Amino acid sequence: MSNVRKPYDLSEIKIPRGEIHLIKDRCKGCGFCVEYCPNNVLEVSDEFSEKGYHPPVVANPERCLNCGLCEIVCPEFAIWSTLKEEVEASIEG
Amino acid sequence: MAMAEKGKVEEKHPMEQLLRMDRMPHIWCPGCGIGISVTAFVSALKKLEFDLNKMCVVSGIGCTGRVAGYIKLDSFHTTHGRAIPFATGIKMANPDLKVVVFSGDGDLVSIGGNHFIHAARRNIDITVILVNNFIYAMTGGQVAPTTPETAYTTTSPFGNFETPANIPQLAEAAGAVYVARWTALHVRRLEKSIVEAINKPGFSLVEIVAPCSMYYSRINRLGAGIDMMRFYHENSIIKHDEPTENLAVGYQKQIIVGKFIDRERPGFIESNRRWSAEAKG
Amino acid sequence: MKANPGDVFTGSYYIDGDVAIAYGAIAAGCKFLAGYPITPSTEAAEAFTKRTPEVGAIFVQMEDELGSIAAVLGASWAGKKVMTITSGPGFSLIMENIGLGAAIETPFVVINVQRGGPSTGIPTGAGQADMMQSRWGSHGDYEVITLAPDSPQEAFEFTIKAFNLAERYRVPVMLMADECVGHMTEKVVVPPASEIEVENRKYYGGAKDAYFPFKRGAGLVPPMAKAGEGYGLYITGLTHDEEGHPILDRDLKEATLRASIDKIRLNADKIIELKEDRVDDAEVVVVSYGITSRVALKAIEMARKEGIKVGALRLVTVWPFPEKRIAELSKKIKGFVVPEINYGQIAFEVDRCSHGNTNVILVPHGGASVHNPEDIFGAIKQAVEAKKRYPQLVSYKTALEKQISG
């Protein structure tokens, strides 16, 4: 990483960290959120929901950037993220 | 209301204020694209600088026809094919309202095809969000005017031999001022198009190619909704301003998406006002 | 309340029934007309359109009648008094959304200037064969109100009445004129606005989140709300509960669907309007409506001259049907004579409501013109001379029928 130039405005860049919220009983197990999460935060769980579907599980919570794609791609209004914190950017990030 | 994760009580989805949560779960099957069309729409509503109390949603009949029942705005679930003229009546009677028609391909271009053409010709200021799943799904998977050639349906058991409608071309020819098409996968772009369409004065159309995971996909052995989404991922190509004559959709062929028409034409309301004022003298 | 003076073209005119309908609608406060050209009703739309700039109304010529009636429903929910004008095949096309209009309890007026049918029929000739269709034309159970004018003056007055009833009961109202009334040119007096009683829609005024679009009180008519005022209305043609939500529950359906029907049935006595002439001492009563009641007047005069005690009962409102009055009269008289320009529609209703108490004689007519008064007179004579109770409704053999069958 030592070859990477450090941007001048690095100190101003904040990286959002999101928190996933999931209402399992609404999920119909289509898998869209798992497939299209750009940072692979979600995985399909082995668990059965009340309706008999496999809801997603937040496998890598630290990777969530609160981009909101899971919210908009979910046909069931079952999953969304909220901003948990913003962390300082670093070139190792 | 369902409990969310352990220890948290009644979490609220950020779109809940614009959805009728007491009507959930909705009727759409797992992997259906209509739910995504709704989230894209609601997401677009939040970006509008407009009093949403002044917005009406009108649907016809069919799977997409049920959208009106889930959106928490003044909403009308009308008769099969008649969403556009119903919306036309609302808009003419109160031009201050924004009127959005949210319905399916069979509803809007088959039984309601004539209204579609004439609303575009008249350039009445409404936005039409048309979910195209290539099939009559509510009735169990019959052939539609949008079913691609050779695709199986319950009433084309040997493959569809009719030529399907090219909806953007139809809209352009009839006089629509804004025409875009996206798949259910292109949610962000779709959301942006819906914002543009609603803000555009005149007849605007956003077509959404969406998976019918229960009928179209099953009878054609295309897998689940997710498999159709993967197909869109691999086979759709964004070509803004593509001539609409090139936008026919073939069976499991490339789907061209993008914004194709964005033009100006005088609309019904302003022409009517001008005519009326001149006549009055 | 009184009509808005700007909407009333006070004066004495020599105009046809179609134009009188347009003037009546405007006087009633109609601000939206969607229609499609069809003979013999087009003059009404033309007359309305000419006046739209001065009264601030909108006319839109839709792509077909299916679209016209849908636009009418939409405009009604946006808060306007609305109507469509049609005839013949157009009346068949609007039937689809008459059902929606009844289901979602929408006030609007349909003008049907009846022509000869079936199908294209005789577009330039009179007919009265859509009477049952006005009542039962859409699928499923519902109630409407139907009126039948017999002259251009009545076309003007009844159109106002139709709007008042539609707004009062939140229901589709049909004005069933016919080609004769529509194209007949007579004196029409439009009174000053101060003499025209106009009823406006009752809107809900309570807390917005407590509004249920189909919740009814004692009068059985739920107050309305306009689209675009923050009520978050959900209005569906699916069978719904009082909140408007679709229901599948059989028992709940009984409570809500039934209530929308009872709204008219239990108010029928207030809605029904009849015009009776010398019925009290009558042996025979001629039941008629629309243009036929004017033809019947001649026959009644002929019969009275011969000393037959004949009375006239004219249906101003055809639906709901005056069941009680017909039943009451059936016990006192020798027979009903029902002339109509069809092969039996309202005559069957008269027969049904007579409960076998008296004879009912239909004077049929195939349309394109009106009855010969001689035929109605003949039927009156047959009724008064009948020695026995007919087992069922009989059809009078008209002169034309005799001539054709030899």
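Residues numbered from 1 in each chain as written. Chains lettered and ligands numbered in written order. Predicted model: local features only at pLDDT ≥ 70, side-chain atom pairs only at ≥ 80, totals over all residues. Heavy atoms only, no water.

### Some words on the overall build of chain C
Here is step 1 of the chain: When helices and strands are counted, chain C shows 14 helices and 17 strands.
Here is step 2 of the chain: Rg of the C-alpha trace for chain C: 22 Å, near the compact-globule value of 22 Å for 406 residues, within the 12% margin.
Here is step 3 of the chain: With the C-alpha coordinates aligned to their principal axes, the bounding extent of chain C is approximately 65 × 50 × 40 Å.
Here is step 4 of the chain: Among the 406 residues that make up chain C, the fraction classed as buried is 62%.
Here is step 5 of the chain: In chain C, the share of contacts with a sequence separation of at least 24, taken over all contacts with a separation of at least 6, comes to 77%.
Here is step 6 of the chain: Looking at chain C as shown, the accessible area adds up to about 15,100 Å², and 52% of this sits on carbon and sulfur atoms. (Helix = DSSP H or I, 4+ residues; strand = E, 2+ residues; numbered from the N terminus. Rg over C-alpha atoms; globule rule 2.2 N^0.38 Å. Buried < 20%, exposed > 50% of the residue type's maximum accessible area, 1.4 Å probe, protein only. Contact = heavy atoms within 4.5 Å. Areas by Shrake-Rupley, 256 points an atom, 1.4 Å probe, with all protein chains shown as cover.)

### Overview of the sheet that holds strand β12 (residues 284-288) of chain C
Residue and element names in this part refer to chain C.
Here is step 1 of the chain: Here we have six strands laid out as an open sheet, ordered β11-β13-β12-β15-β16-β17, and mixed in their pairing. Each edge of the open sheet is held by one strand with a lone partner, namely β11 (274-277) and β17 (394-395).
Here is step 2 of the chain: When β11 meets strand β13 (residues 310-315), the two strands line up antiparallel, connected through four bridges. Within the sheet, the bridge partner assigned to D277 lies in β13 and is A312.
Here is step 3 of the chain: In the packing of helix α10 (residues 291-305) onto the sheet, contacts are made with β12, β13 and β15 (335-339), and the angle to β13 comes to roughly 170°.
Here is step 4 of the chain: Across the face of the sheet, helix α11 (residues 323-330) comes into contact with β11, β12, β13 and β15 while running at roughly 135° to β15. (Pairing = 2+ DSSP bridges. Axes fitted to C-alpha atoms, helices over the stretch in contact; angles between N-to-C directions.)

### Some points on the packing of helix α2 (residues 83-93) of chain B against helix α3 (residues 65-77) of chain C
Here is step 1 of the chain: As a packed pair, α2(B) and α3(C) sit with axes 6 Å apart at the nearest point and diverge in direction by 45°. Relative to α3(C), α2(B) is oriented oblique. The two elements α2(B) and α3(C) cross, and the hand of that crossing is right-handed. Counting all contacts with α2(B), which are made through B:P85, B:F86, B:G89, B:I90 and B:A93, the residues of α3(C) involved are C:G67, C:A70, C:A71, C:L73, C:G74, C:A75 and C:W77.
Here is step 2 of the chain: Looking at the contact of α2(B) with α3(C) residue by residue, the classes come out as nine nonpolar, three polar and no charged. (Parallel < 35°, antiparallel > 145°, perpendicular 65-115°, else oblique. Left-handed = near helix turned anticlockwise from the far one by under 90°. Nonpolar A, V, L, I, M, F, W, Y, C, P; charged D, E, K, R; others polar.)

### Re the nonpolar core
The tendency in soluble globular proteins is for nonpolar side chains to be buried side by side.
Here is step 1 of the chain: Counting 95 residues, the largest nonpolar core has B:F76, C:F32 and C:I98 as its most contacted members.
Here is step 2 of the chain: Domain assignment of the residues forming this core places at least three in each of domain 1 (5-195) and domain 2 (273-405) of chain C.
Here is step 3 of the chain: Apart from residues no more than four positions distant in its own chain, C:I98 is found in contact with C:I69, C:F108, C:V110, C:S138, C:Y142, C:V144, C:P172 and C:M174. (Core = buried A, V, L, I, M, F, W, Y, C linked by side-chain atoms within 4.5 Å. Domains from an automatic or database assignment.)

### Re the interface of chain B and chain C
Here is step 1 of the chain: Facing 37 residues of chain B, the contacting portion of chain C comprises 40 residues.
Here is step 2 of the chain: A buried area of about 3,000 Å², summed over both sides, lies between chain B and chain C, and 59% of it is on carbon and sulfur atoms.
Here is step 3 of the chain: Our count for the chain B to chain C interface comes out at two salt bridges.
Here is step 4 of the chain: Note that B:R122 and C:E63 form a salt bridge whose closest N and O atoms lie 3.0 Å from each other.
Here is step 5 of the chain: The tally of links from chain B across to chain C stands at 19 residue pairs in polar contact (both at pLDDT 80 or more).
Here is step 6 of the chain: Secondary structure elements with two or more residues in the side of chain B that touches chain C: β2 (74-77), α2, α4 (113-122) and α9 (268-280) of chain B.
Here is step 7 of the chain: In terms of residue count, α2(B) provides more of the side of chain B that touches chain C than any other element does, seven residues in total.
Here is step 8 of the chain: Considering only residue class, the side of chain B that touches chain C consists of 13 nonpolar, 15 polar and nine charged. (Buried area = accessible area lost by both parts, 1.4 Å probe. Salt bridge = Lys/Arg side-chain N within 4 Å of Asp/Glu carboxyl O. Polar contact = N/O pair within 3.5 Å; in protein donor to acceptor, adjacent residues only side chain to side chain.)

### Here's the deal with the domain arrangement of chain C
Residue and element names in this part refer to chain C.
Here is step 1 of the chain: Domain boundaries in chain C define domain 1 (5-195) and domain 2 (273-405).
Here is step 2 of the chain: Here domain 1 and domain 2 have C-alpha centroids that lie 27 Å from each other.
Here is step 3 of the chain: If you look at the interface, domain 1 gives 28 residues, while domain 2 gives 25 residues.
Here is step 4 of the chain: Buried area between domain 1 and domain 2, summed over both chains or domains, comes out near 2,000 Å², and the portion from carbon and sulfur atoms is 57%.
Here is step 5 of the chain: On the surface where domain 1 and domain 2 come into contact, there are five salt bridges.
Here is step 6 of the chain: If you look at where domain 1 meets domain 2, you find 19 residue pairs in polar contact (both at pLDDT 80 or more).
Here is step 7 of the chain: Contributing elements (two or more residues each) for the side of domain 1 that touches domain 2: β6 (122-126), α5 (131-136), β7 (145-147), α6 (152-169) and α7 (179-183).

### Some points on the layout of surface pockets
Here is step 1 of the chain: Quantified by volume, the second largest pocket comes out at close to 520 Å³.
Here is step 2 of the chain: If you go around the second largest pocket, you meet 23 residues; those closest to its centre are B:R20, B:K72, C:Y231, C:G232 and C:L233.
Here is step 3 of the chain: By residue class, the composition of the lining of the second largest pocket is 12 nonpolar, four polar and seven charged. (1 Å grid on protein atoms, 1.4 Å probe; cavity = no way out; pocket = protein on both sides within 12 Å on 5 of 7 lines; lining within 4 Å. Points joined across faces, edges and corners; volume = space filled by probe spheres on them.)

### Concerning the arrangement of the chains
Here is step 1 of the chain: Out of two pairs of chains that touch, the pair holding the most contacts is chains B and C.
Here is step 2 of the chain: In this structure chain A stays clear of chain C, and the shortest span between their C-alpha atoms is 20 Å.

### Focus: the side chain of C:N359
Residues and elements named next belong to chain C.
Here is step 1 of the chain: One can find N359 in strand β16 (residues 359-363).
Here is step 2 of the chain: Separated by 3.0 Å, the side chain of N359 and the backbone oxygen of K388 make a polar contact.
Here is step 3 of the chain: Within polar-contact distance, the side chain of N359 engages the backbone nitrogen of Y390 at 2.7 Å.
Here is step 4 of the chain: Leaving out residues up to four positions away in the same chain, N359 has contacts with K334, G335, F336, A386, K388, R389 and Y390.

### What about the sheet that holds strand β1 (residues 55-59) of chain B?
Here is step 1 of the chain: Strand order in the open sheet formed by nine strands is β9(B)-β10(B)-β7(B)-β8(B)-β4(B)-β3(B)-β1(B)-β2(B)-β10(C), and the pairing between neighbours is mixed. Across the chains shown, the open sheet's two edge strands, defined by having one partner strand only, are β9 (236-238) of chain B together with β10 (234-236) of chain C. Neighbour to neighbour, the strand axes of the sheet diverge by 15° on average, direction disregarded.
Here is step 2 of the chain: Strands β7 (178-183), β8 (204-209), β9 and β10 (255-262) of chain B of the sheet are contacted by helix α8 (residues 225-235) of chain B, whose axis makes an angle of about 45° with β9(B).

### Observations concerning the interface of chain A and chain B
Here is step 1 of the chain: With 28 residues of chain A at the contact, the number on the chain B side is 37 residues.
Here is step 2 of the chain: For the pair chain A and chain B, the summed buried surface comes to about 2,600 Å²; carbon and sulfur atoms form 63% of the total.
Here is step 3 of the chain: Summed over the three residues of chain A that lose the most area to chain B, namely A:Y36, A:I72 and A:F77, the buried surface amounts to 29% of that side.
Here is step 4 of the chain: At the surface where chain A touches chain B, the tally comes to two salt bridges.

### Considering the packing of aromatic side chains
The geometry of an aromatic ring pair is captured by two quantities: the separation of the ring centres and the angle between the planes.
Here is step 1 of the chain: Taken as a whole and judged by the stated rule, the model has 12 aromatic pairs over all chains.
Here is step 2 of the chain: Pairing B:F41 with B:F102 gives two aromatic rings, centres 5.4 Å apart and planes at 85°, and the pair type is edge-to-face. Of this pair, B:F41 sits in helix α1 (residues 34-47) while B:F102 is found in strand β3 (residues 98-104), placing the two residues 61 residues apart along the sequence. Both residues of the pair, B:F41 and B:F102, count as buried.
Here is step 3 of the chain: Linked through ring pairs, B:F76, B:F86 and C:W77 together constitute an aromatic cluster.
Here is step 4 of the chain: Positioned above the aromatic ring of B:F50 is the side chain of B:K98, whose terminal nitrogen or guanidinium carbon lies 5.6 Å from the ring centre.
Here is step 5 of the chain: When the ring centre of C:Y203 is taken as origin, the NZ or CZ atom of C:K226, which lies over that ring, is 5.2 Å away. (Phe/Tyr/Trp six-rings, centres within 6.5 Å; stacked < 30°, edge-to-face > 60°. Lys NZ or Arg CZ within 6 Å of the ring centre and 35° of its normal.)

### Points about helix α2 (residues 42-55) of chain C
Residue and element names in this part refer to chain C.
Here is step 1 of the chain: The first and last C-alpha atoms of α2 sit 20 Å apart over 14 residues, in line with the 20 Å expected at 1.5 Å per residue.
Here is step 2 of the chain: When the local axis directions of α2 are compared, the greatest deviation, roughly 25°, occurs at T49, which is followed within four positions by the proline P53.
Here is step 3 of the chain: Within the span of α2, buried status applies to A44, A45, A47, F48, R51, T52, P53 and V55.
Here is step 4 of the chain: Two residues or fewer after α2 comes G56, characterised by a positive phi angle close to 65°. (Expected span 1.5 Å × (residues − 1). Bend = angle between axes of the 7 residues up to and from the residue.)

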